[in-house]
Amino acid sequence: MSHALASGLSAVFPFFGSAKTRAGRPAPSLNRSVAVLIACVALVGLQALLAAPLVPDIAQGLGASIADIGQALGAYGAMAALSALFLGPLADRLKRGQALVAGLIGLVGGLALCATSVNWIVFAGGQALMGAAAGVVLPTAYASAGDLAPVERRSAILGRVLLGWSVALILGVPLAGLLGQVIGWRGVFAGLAVPVLLAMPVAFALPDPRTERGGTTSVVSRLGTAVRVAGVAPMLCVGFLNMTAFYGTYAYLGTAVRAALHGGSALGAVPVLAYGVGFTITALVSGMIDRIGARRVLPVACCALIGIFLTLPMVVGVLPALILVMMTFGFTQHLVLNSFIGLLSIRGGTQRGVVLALNTAGTYVGLMIGTASMGRVLDTWGYAPVTAVSAGLMLVAGGIALWDQRRA
């Protein structure tokens, strides 16, 4: 049954899972594995992002403020960070499929808690449980892509795995916005549990080519060893800064658009769809990063994001311009993600799983800080200061990436 479901995923995403052997012949098993990883990343991406177009509705339904919901979303980031730090390295001792299923079980529990929450505190608890699950699923999926991909095609394969975010953005988040107006935000959270349950058997069957797994060394010791690997710390810093900037801006984009254009949750999903289209375009040509070199691409992409963040407040009330800017945003953000995650995967070597767990921890510390703090900024001063802070963070990230490029 799991083989049939995996084949079905590969058929649904034939290009997304496309991979070839060095001889140029199709590699069906790799295709299926990549399709499964896309599905897992898509599910995590969807439950992490679907709240954005629904924030005003969730706040109203729970009798809470926008800032309260921002705090709840921050709980997701806090638990994802802790999970990635302490459960991620432990999951590295399991087969990749076993670790993925453990995380997916946590997602189902968190979705159920959010769907049945009676106040924003309970909602925050559901977000925290989903965050703990994401802290296991994401580093496991990224590390598995690095395990399975030939070295010369690692950026291309990772780019296709990152398409899981595109699936979430293009199909899931806009659909969540539309369904939010039909079945309510509670129905959206409850409905997402169904595909998560369906993904479990195919995730469990994922191949694991490693000959060695994490030993009995303590988690703290393994984390310390991983962060000292040459070239890892700069990329972890870039990832943290980028994720703080992204989530701080993205989490309240739907709120800003709805306020400017006086629309419902479906309207708030439009820029998300545009972002997803741009993200997908980059993913489909991600092999160019292998050819140009991630170290060259990264500082340029970071600098491009600065201009995008500064432009966003000027176009939130002009839908055609907003769609164009959001497509560019998605295109550029994928370049940044693929570059620094790819560099971490390569530099991590045998420590790949732990290194990518550290990256996931940094990602969700960034999400926690970005969402929890920027809700207050939005309530007090508006959306422009939110994106200005994000631009400043990317200025620092671009400087680190440029230093890393020149130190070789």
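Because the structure is predicted, anything quoted here is derived from the model rather than measured.

Within the protein chain, the secondary structure is distributed over 18 helices and 0 strands. Put simply, the protein chain has 408 residues, and 60% of those count as buried. Of the contacts formed within the protein chain by residues at least 6 apart in sequence, a portion of 85% connects residues at least 24 apart. Roughly 14700 Å² of accessible area belongs to the protein chain as shown, and the carbon and sulfur atoms make up 69% of that amount.

Here we come to helix α18 (residues 383-406). Because the α-helix completes a turn every 3.6 residues, residues three or four places apart line up on one side. Between its first and last C-alpha atoms α18 spans 35 Å; for 24 residues at 1.5 Å apiece the expected length is 34 Å, and the two agree. For α18, the full list of buried residues reads Y383, V386, T387, S390, A391, M394, A397, G398, A401 and D404. Buried positions along α18 lie against α11 (232-250), α12 (253-261), α15 (294-315), α16 (319-348) and α17 (352-381).

Another point: the nonpolar core. Within the largest apolar cluster, 130 residues are counted, with the highest numbers of intra-cluster contacts made by Y142, W165, F189 and Y364. The residues touching Y142, leaving out its near neighbours within four places in the chain, are V41, L158, V161, L162, W165, I341 and L356.

Take the packing of helix α5 (residues 96-115) against helix α6 (residues 120-148) next. Put simply, α5 and α6 touch, their axes get as near as 8 Å, and they point 160° apart. Relative to α6, α5 is oriented roughly antiparallel. Classified by chirality, the crossing of α6 by α5 is left-handed. Residue composition of the contact of α5 with α6, by class: 16 nonpolar, 9 polar and 2 charged.

This structure, assessed with the given rule, holds 4 cavities of 30 Å³ or more. Each pocket or cavity is described by its volume, and for the largest cavity that value is around 170 Å³. Lining of the largest cavity is provided by 17 residues; of these, Y142, W165, M243, Y247 and L337 occupy positions nearest its centre. Residue assignment for the lining of the largest cavity shows that the elements contributing at least two residues are α6, α8 (163-182), α11, α13 (265-284), α16 and α17. Of all the elements, α17 adds the most residues to the lining of the largest cavity, at 4 residues. In this structure, the second largest cavity spans a volume of roughly 120 Å³. Lining the second largest cavity are 12 residues, and of these A48, L73, Y247, A251 and T371 sit closest to its centre. For the lining of the second largest cavity, the elements supplying multiple residues, two or more each, are α2 (28-49), α4 (66-91), α11 and α17. The residue makeup of the lining of the second largest cavity, split by class, is 10 nonpolar, 2 polar and no charged.

This brings us to the pattern of salt bridges. Applying the stated criterion across every chain, the model contains 3 salt bridges. For the salt bridge of D404 with R295, the shortest nitrogen-to-oxygen distance reads 3.4 Å. Remark: R295 occurs in helix α15 and D404 occurs in helix α18; sequence separation between them is 109 residues. Under the relative-accessibility criterion, D404 is labelled buried at 2%. For R347, the salt bridge goes to D404, with nearest N and O atoms at 3.0 Å. Of the two residues, R347 is situated in helix α16 and D404 in helix α18; the sequence distance between them amounts to 57 residues.

What counts as what
Residues numbered from 1 in each chain as written. Predicted model: local features only at pLDDT ≥ 70, side-chain atom pairs only at ≥ 80, totals over all residues. Heavy atoms only, no water. Helix = DSSP H or I, 4+ residues; strand = E, 2+ residues; numbered from the N terminus. Buried < 20%, exposed > 50% of the residue type's maximum accessible area, 1.4 Å probe, protein only. Contact = heavy atoms within 4.5 Å. Areas by Shrake-Rupley, 256 points an atom, 1.4 Å probe, with all protein chains shown as cover. Expected span 1.5 Å × (residues − 1). Core = buried A, V, L, I, M, F, W, Y, C linked by side-chain atoms within 4.5 Å. Axes fitted to C-alpha atoms, helices over the stretch in contact; angles between N-to-C directions. Parallel < 35°, antiparallel > 145°, perpendicular 65-115°, else oblique. Left-handed = near helix turned anticlockwise from the far one by under 90°. Nonpolar A, V, L, I, M, F, W, Y, C, P; charged D, E, K, R; others polar. 1 Å grid on protein atoms, 1.4 Å probe; cavity = no way out; pocket = protein on both sides within 12 Å on 5 of 7 lines; lining within 4 Å. Points joined across faces, edges and corners; volume = space filled by probe spheres on them. Salt bridge = Lys/Arg side-chain N within 4 Å of Asp/Glu carboxyl O.

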